[in-house]
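Residues per chain, in single letters:
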Amino acid sequence: MTEAGEGPRRVQEAAFLLAPMTEILPGVHLIDGVNPSPDFTTNILLLKDAKGSSWTLLDTGLPRGKSPVDTAKAIEQYGEKHGIPLSSVKHILITHLHADHTGNLKALVERTKAKTYTHWIEACYIAQDPPYKGPGMPPPDRVDITEKLRDGDKLDHVFEGIVALATPGHTPGHTTYYCPSRKILFAGDSVFGNNGGMVVSAKEYTFSQSLAVISLRRLATLDVESVIMYHGSPILKGGGARLKAAAKEGYGADPEN
Ligand SMILES: [Zn+2]
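Residues numbered from 1 in each chain as written. Predicted model: local features only at pLDDT ≥ 70, side-chain atom pairs only at ≥ 80, totals over all residues.

A. Here's a closer look at the overall build of the protein. Along the backbone of the protein there are 7 helices and 14 strands. The buried share of the protein, reckoned over its 257 residues, is 46%. When contacts within the protein are restricted to residue pairs at least 6 apart in sequence, those whose partners lie at least 24 apart make up 64%. (Helix = DSSP H or I, 4+ residues; strand = E, 2+ residues; numbered from the N terminus. Buried ≥ 20, exposed ≤ 12 C-beta atoms within 10 Å, placed from the backbone. Contact = placed C-beta atoms within 7 Å.)

So this is what it looks like as structure tokens:
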């Protein structure tokens, strides 16, 4: 293989590495450079709010010291590269209390002054009142969530209109965010990516797997095209069918806890 033959390909690869295409759907940015390792994906999203010029951040990554990456810095750098300054982030949606979702919440609230959103039960655990004693990593810092959600609350000002759905199981107040107009489900840890499909969360880090299956059955009734899980590759087309398959599978090979 000649130098001349390799040159253009190398340039192309370098360009791809420098500026990967991470707007996975219009107005939906999957932030790169935040995964602690290739087999541990943390799909932190920036969503463009249709009304006004603000942005919404969905979950905040692992805390400093628990990841080789400074996630808050990586989020900021991603924003700078794509014209999304942290000052434009006005809303932070949180799916649940675990530290890989709340690890930078305190720091990012201090930086952005954004409103914060999650289910009212989860908000208590994120405030560490009471401390969470269930499976999975508890939140590293106490944060007072400003917008305590109930099932079915409509957030018309967020992205292109979001409905908050209480989907307990993985944690007691796990919240899934659904955009009906775009048929996108921001699933958090209600399901996990698995070989191009999805499965209910494994029992070792799940508060109640039976509740998680009940919540998954509900999600499977929604009109959904795209499912963006926090862990695993997003499913941009045909996500509804995958959700139905996962709900039918239920616990799969992993017996109920
Ligand atoms: Zn979790």
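Once you've had a look at it, read on.
B. Inspection of the environment of Ile-24 at higher detail. Along the polypeptide, Ile-24 turns up in strand β1 (residues 23–25). For Ile-24, a count of 15 C-beta atoms within 10 Å corresponds to the partly exposed category. Contacts of Ile-24, omitting those with residues within four sequence positions, involve Leu-30, Pro-234 and Leu-236.

C. Representation of the sheet that holds strand β9 (residues 162–166) in the model. If you trace the 5 strands from one edge of the open sheet to the other, you get β8-β9-β10-β11-β14, paired in mixed fashion. Two strands lie at the open edges of the sheet, namely β8 (154–155) and β14 (226–229), each paired on one side alone. For strand β10 (residues 175–179) and strand β11 (residues 184–188), the ladder comprises 3 bridges, and the chain directions are antiparallel. Residue pairing for β11: Cys-179 is matched across the bridge by Ile-184. (Pairing = 2+ DSSP bridges.)

D. A look at the pairing of β9. Among the 5 residues of β9, 4 are classified as buried, and the element is accordingly described as predominantly covered. Sheet topology places β8 next to β9; 2 bridges connect them, and they run antiparallel. In the strand pairing of β9, Lys-154 is matched with Val-163. The antiparallel hairpin formed by β8 and β9 contains 6 residues in its connecting segment, where Phe-159 sits at a positive phi of about 50 degrees. Two strands pair when backbone bridges link them, and β9 and β10 are joined in this way by 4 bridges, in the antiparallel orientation. Pairing of Val-163 across the sheet is with Tyr-178, part of β10.

E. Region of interest: helix α7 (residues 239–249). For α7, the complete set of buried residues consists of Gly-239, Gly-240, Arg-242, Leu-243, Ala-246 and Ala-247. Down the axis of α7, the smallest arc covering the buried residues is 160 degrees, so these residues share one side. On its buried face, α7 is in contact with β11, β12 (191–194), β13 (197–200), α6 (209–219) and β14. Taken from the residues just after α7, Gly-250 is the one with a positive phi, measuring 65 degrees. (Arc of directions from axis to C-beta.)

F. Structural context of α6. Looking at α6, one finds that the buried residues are Gln-209, Ala-212, Ser-215, Leu-216 and Leu-219. Projected down its long axis, α6 carries its buried residues within an arc of 115 degrees, all on one side. In this structure, the buried side of α6 is in contact with β10, β11, β12, β13 and α7.

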